[in-house]
Amino acid sequence: MTAPLPFGSWPSHVSAAAVSESSPRLERAQFVGDEIWWGQSVAAEGGRTTVMRRSGAGTAEPILPAPWNARSAVHEYGGDAWAATPAGALVFVEKTDQRIWALDGDTPRALTPELGGMRFGGLRIAGDRLLAVRETHGSGKVVRDIVSVPLDGAAASTPDALVVLASGSDFVAQPALSRDGSTLAWIAWNHPHMPWDETTLRVRALTDPDTTGTVIAGGDGSAPLQPVWTEGGELTFVDDPSGRWNLCRVRPGEQPRPLAPADADTGGGLWVLGSRWFGSFADGRIVAVRTNGSDHVVLVEPDGAVSPLDVDVVSNTVIEDVSGTRVLISGTARDGAATVWDVDIDSPASPTRVAGGGSSLTEEWMPRAQPLTVSGPHGPVHAFDYPPTHPEVVGPADERPPYVVFVHGGPTAHVGGAPSAKIAYFTSRGIGVLDVNYGGSTGYGRAYRERLRGMWGVVDVDDVIAAARGLADAGRADARRLAIAGGSAGGWTVLCALANSDVFSAGISRYGVADLRLLAEDTHDFEARYLDSLVGPLPEAEQLYIDRSPLSHLEGFTTPMLIEQGLDDHVVPPSQSEAVRDALAGNGVPHAYLAFEGEGHGFRRAETIVATLEAEVAFLGEVFGFTPDGIAPIVLD
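Residues numbered from 1 in each chain as written. Predicted model: local features only at pLDDT ≥ 70, side-chain atom pairs only at ≥ 80, totals over all residues. Heavy atoms only, no water.

The subject of this paragraph is the overall build of the chain. Across its full length, the chain holds 10 helices and 38 strands. Relative to a compact globule of 637 residues, whose C-alpha radius of gyration would be 26 Å, the chain shows 24 Å and is just as compact. Each principal axis of the C-alpha atoms in the chain carries an extent, and together these give about 70 × 60 × 50 Å. Burial status across the chain gives 60% buried among its 637 residues. Contacts in the chain between residues at least 24 apart in sequence constitute 57% of all its contacts with a sequence separation of at least 6. Element-wise, carbon and sulfur atoms account for 50% of the exposed surface of the chain, whose accessible area totals about 23,500 Å². Positive and negative charge centroids in the chain, built from 47 and 81 side chains respectively, lie 3 Å apart. (Helix = DSSP H or I, 4+ residues; strand = E, 2+ residues; numbered from the N terminus. Rg over C-alpha atoms; globule rule 2.2 N^0.38 Å. Buried < 20%, exposed > 50% of the residue type's maximum accessible area, 1.4 Å probe, protein only. Contact = heavy atoms within 4.5 Å. Areas by Shrake-Rupley, 256 points an atom, 1.4 Å probe, with all protein chains shown as cover. Lys, Arg positive; Asp, Glu negative; His and termini not counted. Charge placed at Lys NZ, Arg CZ, Asp CG, Glu CD.)

Here 4 strands make up an open sheet; going across it, the order is β22-β23-β24-β25 and the pairing antiparallel. For this open sheet the edge positions go to β22 (278-280) and β25 (306-309), each flanked by a neighbour on one side alone. Across this sheet, the average inter-strand angle for adjacent strands is 30°, counted without regard to direction. In terms of strand pairing, strand β23 (residues 286-292) meets strand β24 (residues 294-300) through 7 bridges, oriented antiparallel. When the sheet's bridge partners are listed, A288 is paired in β24 with V298. (Pairing = 2+ DSSP bridges. Axes fitted to C-alpha atoms, helices over the stretch in contact; angles between N-to-C directions.)

Another point: the packing of aromatic side chains. Aromatic ring pairs are described here by two measures, namely the spacing of the ring centres and the angle between the planes. On inspection of all chains with the given rule, the structure shows 17 aromatic pairs. Ring centres of Y444 and Y448 lie 5.0 Å apart, and the angle between their planes is 50°; on these two criteria the pair is classed as tilted. We classify Y444 as buried; its relative accessible area is 15%. Three or more aromatic residues joined by ring pairs form one cluster here, namely Y77, F171, W189, W196, W271, F526 and Y530. (Phe/Tyr/Trp six-rings, centres within 6.5 Å; stacked < 30°, edge-to-face > 60°.)

Before going further, it helps to examine the environment of M52. Residue placement: M52 occurs in strand β4 (residues 48-54). Take M52: its relative accessible area is 14%, and that puts it in the buried class. Considered as a pair, M52 and A305 are 253 residues apart in the sequence and their alpha carbons are 36 Å apart. Once residues within four sequence positions are removed from consideration, M52 is found in contact with I36, W37, W38, Q40, A60, E61, P62 and I63.

Okay, the environment of N500 next. Locating N500 in the fold gives a position in helix α5 (residues 489-500). Placed 42 residues apart in sequence, N500 and V458 show a C-alpha to C-alpha distance of 10.0 Å. Among the polar contacts listed, one links the side chain of N500 to the backbone oxygen of C496, at a separation of 2.9 Å. (Polar contact = N/O pair within 3.5 Å; in protein donor to acceptor, adjacent residues only side chain to side chain.)

Formed by 134 residues in total, the largest nonpolar core has its most connected members in W456, F504 and L620. Residues in contact with F504, not counting those within four places in the same chain, are V405, V464, I465, A468, L482, A483, I484, A497, L498 and T559. Among the nonpolar cores identified, the runner-up in size contains 17 residues, and V91, M118, A155 and L162 belong to it. (Core = buried A, V, L, I, M, F, W, Y, C linked by side-chain atoms within 4.5 Å.)

To continue, consider the pattern of salt bridges. The final tally for this structure, using the stated rule, is 38 salt bridges. For R449, the salt bridge goes to D240, with nearest N and O atoms at 3.0 Å. Residue R449 is located in helix α3 (residues 446-449), and its partner D240 is located in the loop between β19 (235-239) and β20 (246-250); the two are separated by 209 residues in the primary sequence. The exposure class of D240 is buried, given its relative accessible area of 2%. Between E616 and R510 there is a salt bridge, with its nearest N and O atoms 3.0 Å apart. Of this pair, E616 sits in helix α10 (residues 606-624) while R510 is found in strand β36 (residues 506-510), placing the two residues 106 residues apart along the sequence. (Salt bridge = Lys/Arg side-chain N within 4 Å of Asp/Glu carboxyl O.)

Another point: α10. Between its first and last C-alpha atoms α10 spans 27 Å; for 19 residues at 1.5 Å apiece the expected length is 27 Å, and the two agree. One or two positions beyond α10, positive phi appears at G625, with a value near 85°. (Expected span 1.5 Å × (residues − 1).)

See the structure below:
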């Protein structure tokens, strides 16, 4: 029997510690002989990424011992920081020095030189070659190329042993070597484009001395991604000239042709080098992700026929690896757990969960995503509503629940309809969560994505406001107790919304952007020209940068705020959050500022995750007038 209690004060079995342990980051998965390997973060060890393996007998154990940490810093966001050779050796990028190391015995040995300013990522084993994206910092310029790394360690002492295979572009990614080892394909793009704006698919015969290659797709306002060679010497990839990323195929020298087009995206923002949206089998079949709001997985036959695969992933889905008729698929499951599935496409009804999952939260504690679409001033706005959920408690009949509106980062990113332990941390206490895919998000096609072009700080703000008002107008949320929370670009939207509207009564900014000119000066090379498309090029658009920035509207900071910041953040430096803190203090607005040593752009340490979650609920209780059960109060300055 359920009992009424005030929203926000419900007793919960979902602790902050359980959230930090519930769903580790899973980073890449690969078939290695009879085993399956995958990368997994360990929150209790400062977010260190180890590599795990599961044998045919089902036993899981770590391969990479502490303190080794497989994490790349290429583009700052990394990706594909490890790979396995056919012989079962682990090669990985060590976080602390960004060198590539090999573990084929008791102790890792270096494969790349000890030179400052050199980073590696995007590791791929192709036959007897190790391919990697190299990023070199020095002389005020960042240079990227694709290199072949000798597996015998020759380059550790002789840098010239690193052979450059592709160069000549500001950015390179996703190298793929043909089956006969003669031709390289890769994705390239140049400033001011981002990889979801415009890229080129390039190929180069390795006997050709010109390492810039030949463009065979893209470069015309489309963004091809993920080249994969077929047995017959063609390339399968994804491209979006139609406005949706769909599968395509091309033979060098010919025109690309579409494969099984759909009104959904097989593709997304290439924020990390390990993103893969399809896998190709030797018999011509393809397993692909399709995204339209949430993800689903399909099997594409050689004749173009498409059938669904019932794999429990609805968000963040990656097609990791294929072997024989088996495919490894990672993603967020319907219960909110990060998971790796082993699926035999000849027997798809019996997938095996090989990693992740195992949430300690039973179904009755997990809210169900309720898709929400509202009309905004710029068109439809898509979101997922997670109402307060508890197996034994309900709110008073005459009370509407407080809500926190989640704003994802990017801003060119996406959230799917999957709950998480973090969302359950709020909803189990009687606080609803609205997760918004504002204009600019992926997963709804190029037109929706480009709604934000030149309008960052306007469209995103209008859309989250429209979603929040729509929820309140429908009687599902208390309009007087709406909060907004986001990190990075999501933090920018939080600050803009608080400075320029009165819809929200509380705000939580995690390493949020506060001053566009400071961001343009301080940010790293990958995003150095991102603002050209989001706002406008400098110096021509300088006044627009000033007008849009929240710190230009100090009088608008009248809403209580919690600010969270990693002190090692090189994407959004601490100076941004400190400026917001000082403005709030100057205006006499209640606030709290939490700074964390050793944290960068996104929190990984268990103690940080616990501290921020507890602080956020305590902050909402302080502002909205409820007493969270079992959480210490927060002191606002």
